[in-house]
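Each chain, written out:
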Amino acid sequence: MIESEFSTMAPEGVSIHAARVPFSGLKTYADAPGPDNATAQLSRLPLQAIVFAFTTGSYLVGKPGEQELVARLEERSNGIPVRMPAASAVAAFRALGAGRIALVHAPFFSDELDQKGADYFHEHGFDVVHASHLHPSQEVPHPNLGSIAFPAEIYEWVRRNVPSEAEGIFIAGNGFRSIGVIEALEEDRGLPVITANQAALWDVLRRSGVLTQVADYGQLFRT
């Protein structure tokens, strides 16, 4: 799912490569050696950036823990910079000038993770005016099962729940197909919509010096 969204948005000439991390649970997914081994495997390729596509990981460990995690992975990356989607979302909102934000999470998030997400963005200086996950709640899906919510469901959840004072919307997590609602929501709400995979791709393209415009996936790519 992550690879499909990256490949859909990536401009011509940009290649996407992936390594899997064995999943045993959200709270242990970032523990060594899983992501460390995946990073080392990818580092054999001539890449310009690596994304550890785990927004929840940043929420669970907070800003200092995220920095430590990235530093740990970069010890295995052969000099290739490593980015986390939540940190990319922070950079995206700052680039767009959005200080009051709403968080909309996938159905496999929990009330606890909603709060940890709000705490994470508070740490970075944002005013979080809303944080929720789509209902009904679901277990974390197997990566081969496809999306667990239709675009219309995501659209309606945002339309019903995000308050008018929000200046930007963040839709997470990474195993959740959501890029198809970006343009419609931005047109409807008149504010920027960031998704975890969109923000991560924008961030690594920018840091890699790829300045090609990406159409159809939000005003972030037009900044």
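Each value, and the rule that gives it
Residues numbered from 1 in each chain as written. Predicted model: local features only at pLDDT ≥ 70, side-chain atom pairs only at ≥ 80, totals over all residues. Heavy atoms only, no water. Axes fitted to C-alpha atoms, helices over the stretch in contact; angles between N-to-C directions. Helix = DSSP H or I, 4+ residues; strand = E, 2+ residues; numbered from the N terminus. Parallel < 35°, antiparallel > 145°, perpendicular 65-115°, else oblique. Left-handed = near helix turned anticlockwise from the far one by under 90°. Contact = heavy atoms within 4.5 Å. Expected span 1.5 Å × (residues − 1). Bend = angle between axes of the 7 residues up to and from the residue. Buried < 20%, exposed > 50% of the residue type's maximum accessible area, 1.4 Å probe, protein only. Salt bridge = Lys/Arg side-chain N within 4 Å of Asp/Glu carboxyl O.

**Details of the packing of helix α3 (residues 55-74) against helix α5 (residues 111-123)**
No. 1: At a minimum axis distance of 8 Å, the contact between α3 and α5 shows a crossing angle of 30 degrees. One element, α3, and the other, α5, form an angle in the roughly parallel class. Of the two possible hands of crossing, α3 and α5 adopt the one that is left-handed. Contacts from Thr-56, Ser-58, Tyr-59, Leu-60, Gly-62, Lys-63, Pro-64 and Glu-66 in α3 reach Leu-113, Lys-116, Gly-117, Tyr-120, Phe-121 and Glu-123 in α5.

**Quick notes on α3**
No. 1: For α3, with 20 residues, the first-to-last C-alpha span of 18 Å runs short of the 28 Å given by 1.5 Å per residue.
No. 2: The principal kink in α3, of about 120 degrees, is found at Gly-62, preceding the proline Pro-64 by one to four residues.
No. 3: Taken together, the buried positions of α3 are occupied by Thr-55, Thr-56, Gly-57, Ser-58, Tyr-59, Gly-62, Gly-65, Glu-66, Leu-69, Val-70 and Leu-73.

**Observations regarding the pattern of salt bridges**
Between side chains of opposite charge, a pair can form when the charged atoms approach closely.
No. 1: Inspection of the entire model under this criterion finds 9 salt bridges.
No. 2: Across the pair Arg-72 and Asp-36 runs a salt bridge, and its minimum N-O distance is 2.8 Å. Here Arg-72 is found in helix α3, whereas its partner Asp-36 is found in helix α2 (residues 34-42), with 36 residues between them in sequence.
No. 3: Judged by relative accessible area, which is 6%, Asp-36 ranks as buried.
No. 4: A salt bridge links Arg-100 to Glu-167; the nearest nitrogen and oxygen atoms lie 3.1 Å apart. With a gap of 67 residues between them, Arg-100 in strand β3 (residues 100-105) and Glu-167 in the loop between α6 (151-161) and β5 (168-172) connect regions that are remote in the sequence.

Scope: geometric values only; no functional claims are made or implied.
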